[in-house]
Amino acid sequence: MKRQDSELHASGQARFADDLTLTADTLHVFPVVSNIAHGRIKTCDFSQALSLPGVMAVLTASDITGSNQIGNIEVDEVLLAETEVCYMGQAVALIVAESAELARQASELCVVNYEVLEAVFDARTADKLNQHIVPPRCFSMGDVDCAWQQCAYVVEGQAESGAQEHAYLETQIAIAYPLENGQLKIVSATQSPGMVQRIIVRVLDCAMHMIEVDVLRLGGAFGGKEEQATAWAVMAALAAQHTQQPVKIQLNREEDMRLTGKRHPYSADFKIGLNSSGKILAYQVQFYQNAGAFADLSPAILERTLFHAGNAYFIANFRATAVSCRTNLPPNTAFRGFGAPQAMFVLEAAIFKAAQSMGIDPATIQQRNLLQDGDHFPYGMTVKNSTLKACRDLLEQEYAISQRQQDCDRFNTAHTLKKKALALMPITFGISFTALFLNQADALVHVYGDGSVIVSTGAVEMGQGVKLKLRRVAAQTLGIGLERIKIDSTNTSRIANMSPTAASTGADLNGQATRLACKQILMRLKQIAADMLNIKNISSLHIQNERVSMEGQDMALEWCQLVTQAYISRCGLSAQAHYATPGLAFDRNSETGTPFAYHVYGCAALEVTVDCLRGRYQIDSVKLVHDAGKSLSADVDLGQIEGAVVQGLGWMTMEEIVYDQQGCLLSNNLTNYKIPDIYSAPEVQVKFLPDGGNEVGLLNSKAVGEPPFMYGIGVYFALVKAIQAFNPGYRASFSAPMTPEKVLMALYRNGN
Ligand code: LUZ
Ligand code: MOS
């Protein structure tokens, strides 16, 4: 099964928002942004900008007809600053001009004077100042305080992970078209068309039916367009409302990197206690999340941090607390894994440190504590159908991990300036939005008179292959060929109240809705067939390979004939369906419940070689066993896993976000911010757990988008082990990313 988009992408024919032909009257908008991290606005002078020929307008908060507010979870973020700026890059005003270049030139000519206020860039400092986005939260199970006494080993420490740039290929973009009677159509590169619609309505003060948001496809998103595509779409909409002309905005790479938020940096304090055989008896962790200036999705991300603080392990006595800290950076946002990777890194650091003090390999502790059926997650959910041990065992069997470990040791004895090491990384990731109400989706299916089918859902295609999976679901449910199915653009006029395509749930939720809608049409068609064939019992009829059969016998009736007859018989050939994930519940007072439909499991082995003279290193291989359930497309899932692993490796190794002391982003383009390329990417060997299933999944499949990102975490610990093979005195500082620069320092330093 090939992705329909592959050929279009390869031949350059795939259309993105920037490929749309603009009419001659199209204007361009660009924000005037704060050049300080925190301050009060004293005066603004836009006269020079306005005097440039071709500059149509400078819009400020006072030009907003509705509410100057784009906050979603918290109502704390203005579209355009009124009195105060809270990060460098925050929009103060909008220039509307005849060209994109002119809008940028004009924005440079705007003079804004500030009273500079003190700025905070670090989560722990913000915490001390009580700058919290939401009240702290705590998940706990058992009795941590008592458990320490029973531990043979107790280890404490600190761990930090850095920000990460989404680096989607397609930068932020939106185009707004004024229609008759105050209506607008918005083409936006967003994961959340429903939210773009809702926020535009709030800012412009109109009804939701006046705003149509359409998304054809995105050139990548990774969470960076879940919340943060909205502001640009609202800017275009506001400018279109004012000028009654089409308005476009697209950021270039450097602007995009400067003006948008990233993965949240986290700092954490941990304490772990084990018995003498390596069983974890207690774990305590306190997370400090660097949220940036506004809430954005930070409270939800903080929540997922807590849900995954125990990763793949059963820990009877457990306490995780987390606080979201307001700093003067651009608001940090969703990024593949959504706070879970940050949590899992800390626990792996704790396990690593404990293993070192016990004189054993971390893999021994990992292995001994894997979740088993009947165990409980700290949030009360019972572990069901855990395939962790199966994945771990198959990993050993398939790739001879113990043998590889010995090979590394032998290599290290034979080489002085090159050292190899291997680390394991088991993962467990919960599937469902943790915000209960988001776990719903709709589908609209039309069967046309010629037998072709068009499917609309709320799923946004961003390269992850969701359209292929939806086609497969529709084709399989209707019993017809894939080529008959087209998945339409994601459009708020066809699908109302859509949830974002996020939380790895795009195929699950929208696929279930598609299946329900197709089933309705199928039932009607079977009735038509029964009438045509003079059969009483329609349940004995099947449509397969585009033909009607009864108890395995072909009835000489084809799909197209059947559809034609249905139309002639005035039978409806369209259906709409709604799906809501069953069985979910969570109580935020006790912090317990069943927040997830199911969990995804897997285990990876990562091998590295460090050049101990230069500090350079190579990731030799990532070998993993992944439980994808009964995959809807092994090719798509493989692509997702490979991409996620490499992205996770980048976060842990080479991707380093650097701000200067004024809060100005220094790593502001792709030459000074390094993401993995084809040369640095290792061989990723993926083995799907055979006979996988998932009774609660879409056609027994499992979500795939985010979980494999976290396999990459293992590389940090493989690197530390390799460094220690050269420099036994080195003690890991658990500060990611482990850049070649840090590796070089570590190779020649005692302690941390
Ligand atoms: N987005 C969201 C997410 O709104 N809620 C979630 O639980 C989530 N999880 C992962 C990624 N995006
Ligand atoms: Mo997301 S981090 O957009 O699932």
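Cut-offs applied
- Along every chain, residues carry numbers that run from 1 in the direction the sequence is written.
- Naming scheme: in the order in which they are written, chains are lettered from A and ligands are numbered from 1.
- Residues qualify for local features only when their pLDDT is at least 70, as the model is predicted, and side-chain atom pairs are given and counted only at 80 or more; totals for whole chains, interfaces and linings, by contrast, use all residues.
- With hydrogens and water excluded, all non-hydrogen atoms of the structure serve as input to the side-chain values.
- Helix and strand definitions follow DSSP, with helices as H or I runs of at least four residues and strands as E runs of at least two, each counted in order from the N terminus.
- The atom set for the radius of gyration is the C-alpha atoms, and the globule formula is 2.2 Å times the number of residues raised to the power 0.38.
- Each residue's exposure class comes from its accessible area (1.4 Å probe, protein chains only) as a fraction of the maximum for that residue type: buried when under 20%, exposed when over 50%, partly exposed otherwise.
- Each accessible area is a Shrake-Rupley estimate made with a 1.4 Å probe; only the visible protein chains count as cover when residues are assessed.
- Positive: Lys, Arg. Negative: Asp, Glu. His and the chain ends are not part of the count.
- Just so you know, the charge point we use is NZ for Lys, CZ for Arg, CG for Asp and CD for Glu.
- Here, a strand pair is defined by DSSP locating no fewer than two bridges between the strands.
- Orient the strands so they point away from the viewer; a crossover is then right-handed if the path from the first strand over the helix to the second runs clockwise.
- We call Phe, Tyr and Trp rings a pair once their centres come within 6.5 Å, taking the six-membered ring for Trp, and we label the pair stacked below 30 degrees between planes, edge-to-face above 60, and tilted otherwise.
- Each ring is checked for a lysine NZ or an arginine CZ that lies within 6 Å of its centre and within 35 degrees of its normal; such an atom marks a charge sitting over the ring.
- Any residue with at least one heavy atom within 4 Å of a molecule or strand is counted as near it.
- Definition of a polar contact: a pair of N or O atoms within 3.5 Å, with one able to donate and the other able to accept a hydrogen when the atoms are protein atoms, and with sequence-neighbouring residues admitted only if both atoms are side-chain atoms.
- When residues are sorted by character, Ala, Val, Leu, Ile, Met, Phe, Trp, Tyr, Cys and Pro go into the nonpolar class, Asp, Glu, Lys and Arg into the charged class, and all the rest, Gly among them, into the polar class.
- Domain segmentation is taken from an automatic or database assignment of domains.
- The term buried area refers to how much accessible surface (probe radius 1.4 Å) is lost by two components on association, counted for both of them together.
- The salt bridge definition used is simple: a Lys or Arg side-chain nitrogen within 4 Å of an Asp or Glu carboxyl oxygen.
- Buriedness for pockets is judged along seven lines, at least five of which must meet protein on both sides within 12 Å for an open set on the 1 Å grid over protein atoms alone, while cavities are sets there where a 1.4 Å probe fits but cannot get out, and lining residues have an atom within 4 Å of a point.
- Grid points are joined across faces, edges and corners, and a volume is the space filled by probe spheres set on the points.
- Two residues form a contact once any of their heavy atoms are found within 4.5 Å.
- The axes used here are C-alpha line fits, helices contributing only the stretch in contact, and every angle between their N-to-C directions lies in the interval 0 to 180 degrees.

### A few points about the overall build of the protein
For the protein, the helix and strand inventory stands at 19 helices and 29 strands. Taken against the 2.2 N^0.38 rule, which gives 27 Å for 752 residues, the C-alpha radius of gyration of the protein at 27 Å falls within 12% of a compact globule. Taken along its principal axes, the extent of the C-alpha atoms in the protein is 80 × 80 × 50 Å. Looking at the protein as a whole, 61% of its 752 residues are labelled buried. Accessible surface, the protein as shown: approximately 28700 Å² in total, 50% of it carbon and sulfur. Across the protein, 61 positive and 75 negative side-chain charges occur, with their mean positions spaced 5 Å apart.

### Brief notes about the pairing of strand 15 (residues 317–326)
Summarising burial for strand 15: eight of the ten residues are buried, a large majority. When strand 14 (residues 280–292) meets strand 15, the two strands line up parallel, connected through ten bridges. Its bridge partner lying in strand 15, Ala 282 is registered against Asn 317. In this fold, the crossover linking strand 14 to strand 15 by way of helix 9 (residues 298–307) has right-handed handedness.

### Some details on unusual backbone geometry
Residues other than glycine predominantly adopt negative phi, and peptide bonds predominantly adopt the trans conformation. A cis geometry characterises the amide bond from Ala 736 onward to Pro 737, with omega recorded as 10°. Mapped onto the fold, Pro 737 is located in the loop between helix 18 (714–726) and helix 19 (740–747). For Asn 311, which is not a glycine, the phi torsion comes out positive at approximately 35°. Note on placement: Asn 311 falls in the loop between helix 9 and strand 15. Its identity as a non-glycine residue notwithstanding, Asn 545 has a phi of 50°, on the positive side. Its location among the elements puts Asn 545 in the loop between strand 21 (541–544) and strand 22 (547–550). Residue Asn 545 is classed as exposed on the basis of its relative accessible area of 68%.

### Brief notes about the pairing of strand 16 (residues 418–431)
Of all 14 residues in strand 16, 13 are buried; the element is thus mostly enclosed. Bridge count between strand 16 and strand 27 (residues 598–611): 14 bridges; the pairing is antiparallel. Bridge assignment links Pro 426 to a residue of strand 27, and that residue is Cys 603.

### Re the packing of aromatic side chains
What the rule picks out here adds up to 21 aromatic pairs. Ring geometry for Tyr 379 versus Phe 596: centroids 5.8 Å apart, planes at 80°, classification edge-to-face. Of this pair, Tyr 379 sits in the loop between helix 11 (362–368) and helix 12 (388–399) while Phe 596 sits in the loop between strand 26 (592–594) and strand 27, and the two are 217 residues apart along the sequence. For the residue pair Tyr 379 and Phe 596, the accessibility class agrees, reading buried in each case. Connected via pairs of aromatic rings, a cluster forms that spans Phe 139, Phe 307, Phe 377, Tyr 379, Phe 586 and Phe 596. The ring of Phe 16 has Arg 217 sitting right over it, with the charged end atom 5.7 Å from the ring centre. Its guanidinium or amino end placed over the ring of Phe 411, Lys 420 lies 5.0 Å from that ring's centre, counting from NZ or CZ.

### Digging into the site of ligand 1
Taken together, the neighbourhood of ligand 1 is formed by Glu 226, Arg 304, Phe 338, Phe 433, Thr 434, Leu 438, Ala 502, Ala 503 and Glu 706. Within the side chain of Arg 304, one N or O atom sits 2.9 Å away from a nitrogen atom of ligand 1. One nitrogen or oxygen atom from the main chain of Ala 503 is found 3.4 Å from a nitrogen atom belonging to ligand 1. Within the complex, 96% of the 290 Å² of free accessible area of ligand 1 lies under protein. A class-by-class count of the residues in the shell around ligand 1 yields five nonpolar, one polar and three charged.

### Some words on the domain arrangement of the protein
Entries for the protein in the domain assignment read domain 1 (4–118 + 166–259), domain 2 (266–433 + 589–747) and domain 3 (440–580). Computed from C-alpha coordinates alone, the two centres of domain 1 and domain 2 are separated by 35 Å. Around 2400 Å² of area is buried between domain 1 and domain 2 when both sides are counted, 62% of it from carbon and sulfur atoms. For the pair domain 1 and domain 2, the interface holds one salt bridge. For the salt bridge of Arg 326 with Asp 76, the shortest nitrogen-to-oxygen distance reads 3.2 Å. The interface formed by domain 1 and domain 2 includes eight residue pairs in polar contact (both at pLDDT 80 or more). Within the side of domain 1 that touches domain 2, the residues separate by chemical class into nine nonpolar, seven polar and nine charged.

### Quick look at empty space enclosed by the protein
This structure, assessed with the given rule, holds three cavities of 30 Å³ or more. Within this model, the largest cavity holds a volume of roughly 270 Å³. In terms of lining, the largest cavity is formed by 22 residues, of which the most central are Ile 70, Glu 77, Tyr 87, Ala 231 and Trp 232. Taken together, the elements giving at least two residues each to the lining of the largest cavity come down to strand 1 (27–33) and helix 7 (230–243). It is helix 7 that provides the largest number of residues to the lining of the largest cavity, a total of four residues.

### Comments concerning the sheet that holds strand 5 (residues 91–97)
The strands that make up a sheet are held in pairs by hydrogen bonds between backbone atoms, and each pair lies either parallel or antiparallel. Spatially, eight strands are ordered 3-5-1-12-9-10-11-20 in an open sheet, and the strand pairing comes out mixed. Sheet topology places strand 3 (55–59) and strand 20 (490–491) at the edges, where each strand pairs with a single neighbour. Where strand 9 (residues 173–178) lies against strand 12 (residues 247–250), four bridges are found, and the strand directions are antiparallel. Following the sheet pairing, Ile 173 is matched in strand 12 by Gln 250. Contacts between helix 3 (residues 100–108) and the sheet are confined to strand 1, strand 3, strand 5 and strand 12, with strand 1 contributing the most and set at about 25° to the helix. Strands strand 10 (184–188), strand 11 (211–215) and strand 20 of the sheet are contacted by helix 6 (residues 193–204), whose axis makes an angle of about 150° with strand 11.

### So, the sheet that holds strand 2 (residues 39–45)
As summarised here, the arrangement of the three strands in space is 4-2-6, forming an open sheet in which the pairing is antiparallel. Of all the strands in the sheet, the pair left with one neighbour each is strand 4 (84–85) and strand 6 (111–116). Where strand 2 meets strand 6, six bridges bridge the pair, whose relative direction is antiparallel. In the strand pairing of strand 6, Ile 41 is matched with Tyr 114.

### Overview of the side chain of Asn 317
The residue Asn 317 is located in strand 15 in this model. When its relative accessible area of 16% is taken as the criterion, Asn 317 is described as buried. For Asn 317, the side chain forms a polar contact with the main-chain nitrogen of Asp 143, separated by 2.7 Å. With residues up to four places along the chain from it excluded, the contact list for Asn 317 reads Met 141, Gly 142, Asp 143, Val 144, Ala 147, Leu 281, Ala 282 and Tyr 283.

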